[in-house]
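Fold and geometry: a report
Given next are the chains, with one letter for each unit.
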Amino acid sequence: DVKVTQSSRYLVKRTGEKVFLECVQDMDHENMFWYRQDPGLGLRLIYFSYDVKMKEKGDIPEGYSVSREKKERFSLILESASTNQTSMYLCASSQGQGGNEKLFFGSGTQLSVL
Amino acid sequence: AQSVTQLGSHVSVSEGALVLLRCNYSSSVPPYLFWYVQYPNQGLQLLLKYTSAATLVKGINGFEAEFKKSETSFHLTKPSAHMSDAAEYFCAVTNQAGTALIFGKGTTLSVSS
């Protein structure tokens, strides 16, 4: 069965800390995505990547960066965590054209920044 | 710019009743449209997608959606709700570059017995 694995289900960090959220997929997909999910706001795209070492900004990239050194792994980095980055973070992957193909989602990481 | 609007953040139905979740889209190009479902404490999974092959799209678990260009709508329906359908539902449209999905704000479906 296809799988997108996010390293932590719950994470608590302090303001100003550097935070790494890890995502691994086992489907050899080219495209990987990071969304954040907030009540009443739905999912908002932070960054995505269509190839190793390639990245594209989504709708809300401010305060975030990403890294994709290997095809199967896509990391989201909060350079200096702030309380407004408390959220559910969802990783997803897809084959082929990223916008037209089925997305496979991980279970999410609930990040709390105190 | 591409966008979707889901009408109603919360919909409540009785078991066995018709489910109707509304989604309107805005797109400057022929759209690819999707419905995803999120069960409690799980990631999202695809219910169905529209790719212009047919205006009535059938998905998993008895759901279907009809693409209506004149109304810019892609509403999700199910003839008879089941308790297990209680979840959050998201409508989505491909961005203009065709590289990623833009999601709506979601509709929570509650089903009572």
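Right, let's talk about the pattern of salt bridges for a bit. Residues and elements named next belong to chain A. Taken as a whole and judged by the stated rule, the model has 7 salt bridges over all chains. Across the pair Asp38 and Arg36 runs a salt bridge, and its minimum N-O distance is 2.9 Å. This pair shows no difference in class: Asp38 is buried, exactly as Arg36 is. Close ionic contact of Asp38 with Arg44 constitutes a salt bridge, the shortest N to O distance being 2.9 Å. In this structure Arg44 comes out as partly exposed when scored by relative accessible area, which is 26%. Taken together, the shared-partner salt bridges connect Arg36, Asp38 and Arg44 into one network.

With that settled, the discussion passes to the pairing of strand β4 (residues 31-38) of chain A. Residue and element names in this part refer to chain A. Counting buried positions along β4 gives 8 out of 8 residues, so the element sits mostly inside the fold. Neither face of β4 is exposed, since Asn31, Phe33, Tyr35 and Gln37 on one face and Met32, Trp34, Arg36 and Asp38 on the opposite face are all buried. Taken together, the 7 bridges between β4 and strand β9 (residues 87-94) define a ladder with antiparallel strand orientation. Across the sheet, Tyr35 pairs through a bridge with Leu90, a residue of β9. Linkage of β4 to strand β5 (residues 42-49), two consecutive antiparallel strands, is achieved through a turn of 3 residues, within which Gly40 is found at a positive phi near 80 degrees.

So, about the packing of aromatic side chains. Going through the model one piece at a time under the given rule, you end up with 14 aromatic pairs over all chains. Pairwise contacts between aromatic rings join Phe33, Tyr35, Phe48 and Phe105 of chain A together with Phe34, Tyr36, Phe90 and Phe103 of chain B into one cluster. Sitting over the face of the ring of Tyr10 of chain A, Arg9 of chain A holds its NZ or CZ atom 5.4 Å from the ring centroid.

Moving on, we get to the sheet that holds strand β8 (residues 73-78) of chain B. All names here are of chain B. The 5 strands lie next to each other as β1-β3-β8-β7-β6, forming an open sheet whose pairing is antiparallel. Each of the sheet's edge strands pairs with one partner strand only, and the pair in question is β1 (3-7) and β6 (56-58). Mean inter-strand twist for the sheet, computed between neighbouring axes without regard to direction, equals 20 degrees. Direction of pairing for β6 relative to strand β7 (residues 64-68): antiparallel, over a ladder of 3 bridges. Bridging from a neighbouring strand, Leu56 pairs with Glu66 of β7.

A separate point is the sheet that holds strand β8 (residues 73-78) of chain A. All names here are of chain A. With respect to topology, 4 strands assemble into an open sheet ordered β1-β3-β8-β7, the strand pairing being antiparallel. Looking at which strands have only one partner, the edges of the open sheet turn out to be β1 (4-6) and β7 (64-70). For this sheet the average axis-to-axis angle between neighbouring strands, irrespective of direction, equals 20 degrees. Looking at chain direction, β7 and β8 are connected through 5 bridges and run antiparallel. Bridging from a neighbouring strand, Tyr64 pairs with Leu78 of β8.

Rules used in this analysis
- The residue numbers shown here count from 1 along each chain, following its written sequence.
- Each chain takes a letter, starting from A, and each ligand takes a number, starting from 1, following the order in which they are written.
- The model is predicted, so local features are restricted to residues of pLDDT at least 70 and side-chain atom pairs to those at 80 or more, both for listing and for counting; the totals for chains, interfaces and linings are taken over all residues.
- Based on all heavy atoms of the structure, the side-chain values leave hydrogens and waters out of the count.
- Think of a salt bridge as a Lys or Arg side-chain nitrogen and an Asp or Glu carboxyl oxygen that are within 4 Å of each other.
- Summary of the burial criterion: residues with accessible area below 20% of their type's maximum are buried, those above 50% are exposed, and those between are partly exposed, where the area comes from a 1.4 Å probe applied to protein chains only.
- Only DSSP runs of H or I reaching four residues or more are called helices, and only runs of E reaching two or more are called strands; each is numbered from the N terminus.
- The rule for pairing is simple: two strands pair if DSSP sees at least two bridges between them.
- Here is the rule: rings of Phe, Tyr and Trp (six-membered ring for Trp) pair when centre to centre is within 6.5 Å. Planes less than 30 degrees apart are stacked, more than 60 are edge-to-face, and the remainder are tilted.
- A ring is considered to have a charge above it if a Lys NZ or an Arg CZ atom is located within 6 Å of its centre and within 35 degrees of its normal.
- To define axes, lines are fitted to C-alpha atoms, for helices over the stretch in contact only, and angles between the resulting N-to-C directions are given on a 0 to 180 degree scale.

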